[in-house]
Amino acid sequence: ASRFGPCIPFSVSNFAIPGKESTHNLNYWNNQEYYGFGLGAHGYIDGIRYELNDVTNTATVISLEGGKYEGDIVVPEQIEYAEILFIVSSIGALSFADCTLLSSIVIPNSVTSIGDATFAKCSRLESIDIPDSVSHVGYGVFYGCESLCSVKLSKNIIDLPGRRVGFEKIVG
């Protein structure tokens, strides 16, 4: 027995008798696919985690819980659940930050916004194309991307001072 009696911790704030742990969040904790709806709800579909908005039917790519994206990532233009299409419209702040094993990413034409420090410290990322659909790029997007040598920027980005993106070779 522990200081919690016969109970054991099974998440940050929950305790249970061994063998009686709640299973409703196991997919989330184990980075397995799940869907979530409503304001602030999250889903994990085909290896990418999203914040889903069922009012606007849009999805924002967000960081993995307890893990990092790696390899070659292709962000889809849309995802479907229960016959509802969600347009992937943005990549959230810090979504791919510190993903040191991320080698490439394809951003679809449905994305209009890329948040702050989205690719910060992706040390193996060598090139990236930001489609012309993107009009906003946050601060420090490429900070610490040591291997990044080719960046194709959207011609529709508004207000892009050179050092704002954290990649000094880019000028406004």
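Reference entry: report on the structure contained in this document. This structure is a prediction, so every number in the text was calculated from the model and none was measured. Residue positions are given per chain, counted from 1 along the sequence in the order it is written. This being a predicted model, a pLDDT of at least 70 is required before a residue's local features are given, and a value of 80 or more before pairs of side-chain atoms are given or counted; all residues contribute to the totals for chains, interfaces and linings. Note that water and hydrogens are dropped before the side-chain values are worked out from all heavy atoms of the structure.

1. Description of the environment of Glu 65
Following the sequence through the fold, Glu 65 ends up in the loop between strand E5 (58–62) and strand E6 (71–74). Overall, Glu 65 belongs to the partly exposed group, its relative accessible area being 37%. The spatial distance from the C-alpha of Glu 65 to the C-alpha of Arg 49 is 8.3 Å, given a sequence separation of 16 residues. Runs of E in the DSSP output that reach at least two residues are strands. Runs of H or I that reach at least four are helices, and both are numbered from the N terminus. Think of it in three bands: residues with accessible area under 20% of the maximum for their type are buried, residues over 50% are exposed, and the middle band is partly exposed, with areas taken using a 1.4 Å probe on protein chains only.

2. Brief notes about the pattern of salt bridges
Salt bridges are defined by distance alone: a side-chain nitrogen of Lys or Arg within 4 Å of a carboxyl oxygen of Asp or Glu. For the structure on display, the rule yields one salt bridge. One salt bridge in this structure joins Asp 132 and Lys 155, with 3.9 Å as the shortest N-O distance. Separated by 23 residues along the polypeptide, Asp 132 in the loop between strand E11 (127–129) and strand E12 (136–137) and Lys 155 in the segment after strand E13 (150–152) bring together distant segments of the chain. Lys 155 sits in the exposed class, given a relative accessible area of 69%.

3. Considering the packing of aromatic side chains
The description of an aromatic ring pair rests on the distance of the ring centres and on the angle between the ring planes. Geometry of aromatic contacts follows a simple scheme: Phe, Tyr and Trp rings, the Trp one being its six-membered ring, pair when their centres are within 6.5 Å, and the pair is stacked under 30 degrees between planes, edge-to-face over 60, tilted otherwise. For the structure shown, the criterion picks out three aromatic pairs. Taking 5.6 Å as the distance between ring centres and 10 degrees as the angle between the ring planes, the aromatic pair formed by Phe 96 and Phe 119 counts as stacked. One end of the pair, Phe 96, is in the loop between strand E8 (84–91) and strand E9 (102–106); the other, Phe 119, is in the loop between strand E10 (113–114) and E11, with 23 residues separating them in the sequence. Summarising the aromatic geometry, the rings of Phe 119 and Phe 142 are spaced 5.9 Å apart at their centres and angled 10 degrees between planes, so their arrangement reads as stacked. Of this pair, Phe 119 sits in the loop between E10 and E11 while Phe 142 sits in the loop between E12 and E13, and the two are 23 residues apart along the sequence. The pair formed by Phe 119 and Phe 142 is uniform in burial state, with each residue classed as buried. Grouping aromatic residues by their ring pairs yields a cluster made of Tyr 69, Phe 96, Phe 119 and Phe 142.

The values are spatial; any link to function lies outside them.
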